[in-house]
Amino acid sequence: MALHRLSFRLRQTVAHVRPVHTSGCGQQQQEAPAESEEPISIFRTQSEPACHSEKHLGQYYTLSPAHIRTVFPHGLPPRFQQQVKTFNEGCVMVRQPAVEVISYLKKADYSKPALRYLFYGFKGSGKTMSLCHTVHFCYTQGWLVLHIPDAHLWVKNCKELLPSSHNASRFDQPLQATEWLRNFKITNEPFLSKIKTKQRYAWTKREFTEEGRPLGELVDQGISRVKSSSDVVGALMKELRLQSGQPESGFKLAVAVDGVNALWGRSTLTKEDKSAVAPEELTLVYNLRKLMRNDWCGGAIITTLSQTGSLFTPTSAFLPQALLGKEGFDSMDPFVPVSVSDYSEKEFESCYLYYLDRHWLQHPQSRTQEGKEELVFLTNRNPSSLERLCASL
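Calculation notes
Residues numbered from 1 in each chain as written. Predicted model: local features only at pLDDT ≥ 70, side-chain atom pairs only at ≥ 80, totals over all residues. Heavy atoms only, no water. Salt bridge = Lys/Arg side-chain N within 4 Å of Asp/Glu carboxyl O. Helix = DSSP H or I, 4+ residues; strand = E, 2+ residues; numbered from the N terminus. Buried < 20%, exposed > 50% of the residue type's maximum accessible area, 1.4 Å probe, protein only. Contact = heavy atoms within 4.5 Å. Polar contact = N/O pair within 3.5 Å; in protein donor to acceptor, adjacent residues only side chain to side chain. Core = buried A, V, L, I, M, F, W, Y, C linked by side-chain atoms within 4.5 Å. Phe/Tyr/Trp six-rings, centres within 6.5 Å; stacked < 30°, edge-to-face > 60°. Lys NZ or Arg CZ within 6 Å of the ring centre and 35° of its normal. Axes fitted to C-alpha atoms, helices over the stretch in contact; angles between N-to-C directions. Parallel < 35°, antiparallel > 145°, perpendicular 65-115°, else oblique. Nonpolar A, V, L, I, M, F, W, Y, C, P; charged D, E, K, R; others polar. Pairing = 2+ DSSP bridges. Left-handed = near helix turned anticlockwise from the far one by under 90°.

1. Quick look at the pattern of salt bridges
Enumeration according to the criterion identifies 16 salt bridges in this entry. Of the charged contacts in the structure, one is a salt bridge between Glu210 and Arg200, with a shortest N-O distance of 3.1 Å. Taken together, the residues span a long stretch of sequence, with Glu210 in the loop between β8 (208–209) and α8 (215–224) and Arg200 in the loop between α7 (189–192) and β7 (201–202) at a distance of 10 residues. On the accessibility criterion, Glu210 (38% relative accessible area) is partly exposed.

2. Here's the deal with the environment of Ser165
Position of Ser165 relative to the elements: it lies in the loop between β5 (162–163) and β6 (171–172). Expressed as a C-alpha distance, the spacing of Ser165 and Asp231, which sit 66 residues apart in the sequence, is 8.7 Å. Ignoring sequence-local partners within four residues, the contact set of Ser165 consists of Asp172 and Asp231.

3. Considering the side chain of Gln176
As for its placement among the helices and strands, Gln176 is situated in helix α6 (residues 174–187). The class of Gln176 is buried, set by a relative accessible area of 16%. If near-sequence neighbours (up to four positions away) are discounted, Gln176 is found in contact with Leu153, Trp154, Cys158 and Leu284.

4. Section: the side chain of Ser125
Within the secondary structure, Ser125 sits in the loop between β3 (115–120) and α5 (127–140). Accessibility expressed as a relative area gives 0% for Ser125, which makes it buried. A distance of 2.8 Å separates a polar atom in the side chain of Ser125 from the backbone oxygen of Phe122. Those residues in contact with Ser125, other than ones at most four positions away along the chain, are Arg95, Val340, Ser341, Asp342, Asn382 and Pro383.

5. Describing the nonpolar core
Here is a general trend for soluble globular proteins: nonpolar side chains tend to be buried in one another's company. Counting 53 residues, the largest nonpolar core has Leu146, Leu240, Val260 and Met292 as its most contacted members. Tallying contributions element by element places helix α9 (residues 229–243) first for this core, with 6 residues. In this structure Val260 touches Leu118, Met292, Thr303, Thr304, Leu305, Leu324 and Met332, once residues within four positions along its chain are discounted. In terms of nonpolar packing, the next biggest core, distinct from the first, is built from 32 residues, Leu57, Phe119, Val135 and Trp143 among them.

6. Thoughts on the packing of aromatic side chains
Each pair of aromatic rings is reported with the distance of its centres and the angle of its planes. Taken as a whole, this structure holds 13 aromatic pairs when the rule is applied. Aromatic side chains Tyr60 and Tyr354 sit 4.5 Å apart centroid to centroid with 20° between the ring planes, which places their arrangement in the stacked category. Highlighted residues: Tyr60 in strand β1 (residues 60–63) and Tyr354 in helix α12 (residues 345–357), separated in sequence by 294 residues. Between Phe191 and Phe251, the aromatic rings sit 6.4 Å apart at their centres with planes inclined by 70°, giving edge-to-face as the arrangement. Highlighted residues: Phe191 in helix α7 and Phe251 in the loop between α9 and β9 (253–257), separated in sequence by 60 residues. Accessibility assignment for this pair places Phe191 and Phe251 in one class, buried. Each member of the aromatic cluster is reached from another via a ring pair, and the members are Tyr60, Phe87, Tyr354, Tyr355 and Trp360. Over the ring of Tyr286 we find Arg170, and its NZ or CZ is 3.9 Å from the ring centre.

7. Points about the packing of α6 against α9
Two elements in contact, α6 and α9, have axes whose closest approach is 8 Å; the angle formed by their N-to-C orientations is 45°. Relative to α9, α6 is oriented oblique. The segment α6 lies against α9, with Pro174, Ala177, Thr178, Trp180, Leu181 and Phe184 engaging Ser229, Ser230, Val232, Val233, Leu236 and Leu240. Broken down by class, the residue content of the contact of α6 with α9 amounts to 9 nonpolar, 3 polar and no charged.

8. Focus on the sheet that holds β9
Taken together, 5 strands build an open sheet; the order of strands is β4-β9-β10-β3-β11 and the sheet is parallel. Looking along the sheet, the strands with just one partner apiece sit at the ends: β4 (144–148) and β11 (336–339). For this sheet, the mean inter-axis angle between neighbouring strands, taken without regard to orientation, is 15°. As judged from the 4 bridges shared by β3 and β11, these two strands associate in the parallel manner.

9. A closer look at the packing of helix α4 (residues 96–107) against α5
One way to put it is that α4 packs onto α5 with a least axis distance of 8 Å and a crossing angle of 30°. As the angle between them shows, α4 and α5 are arranged roughly parallel. Seen along the crossing, α4 lies across α5 with a hand that is right-handed. Contacts between α4 and α5 pair Pro97, Ala98, Val101, Ile102, Leu105 and Lys106 from the former with Ser130, His133, Thr134, Phe137 and Cys138 from the latter.

In short, the description is geometric, and any link to function would need to be established separately.
Okay, structure coming up:
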């Protein structure tokens, strides 16, 4: 009955709300005659992440096409990307976990070592989208964003694994490193000409990147010379780690890793003698682990735990101790744990109204109160389960 009453109140409100154009997050919405414009749904809110607070919980904000291309050239979940194409817009729900971390980022002291934030929760509860919401906030505030969309892809199904030319005990993944560098360049293009290298790097006997050169040259080296791309990623991470927080650097660094538990798990990759490759033997993972240490300042480390790609762990595991293991937990400790739960009653109602607004629910019964209650029963308000089930209705 409570769900029915909430739905009734929201539907009544929908008929009396229309868009209001504001120039900033401090302006108040003003009433206007409903006849002058088409009414919109109450489940939408302003699109500036820095303005989001608890009063916006459960509402959707729109990612601009330009930001989808630059901030998330490779960071959005595949099914959300399909939804963006289908709905012709990218909308993200404002939820408590992301708002909580954003509030922490606004108040943090960046002269101190970087704080580590860890989203955790049941499978399909929205950890990746909470991470994307937080990353979008960092980008709009002028941060340099180092985003690893799925760390599990670095420890399994590798198309090409080569012995490292820099360290005989490690292995390079040139194709994955090159692809990541291309996406990093798209997201952080404005920074690449401003930040200068602090060291000299030798890639071959004839190829060097001299000290004091723009960071863009370092990135282009990895993109054009695939063989050295893994070492370039390591050098890039090292430069950002050393320069972040320095008075002359002029940038804050957001390190965002989806599925951080992959860095201390097991891999499916094998050596020539058929023995398993440990994650720390991979050049990419080895250097990313260094970034997870909070021995640098001027930024934040924002991560999620993921069961979806996790190897050799129980499917029911979701707590940090269970997915990180002892080594991973000790390496990440201390961190700020942020629980991501399934939809609340209000969030479910907002998602349901959004699907109706996008004409995503076509089955006649799905538009009835009984049909909605059946969706609650079948999905238990799990965001991923609801999206998948509604796709067939």
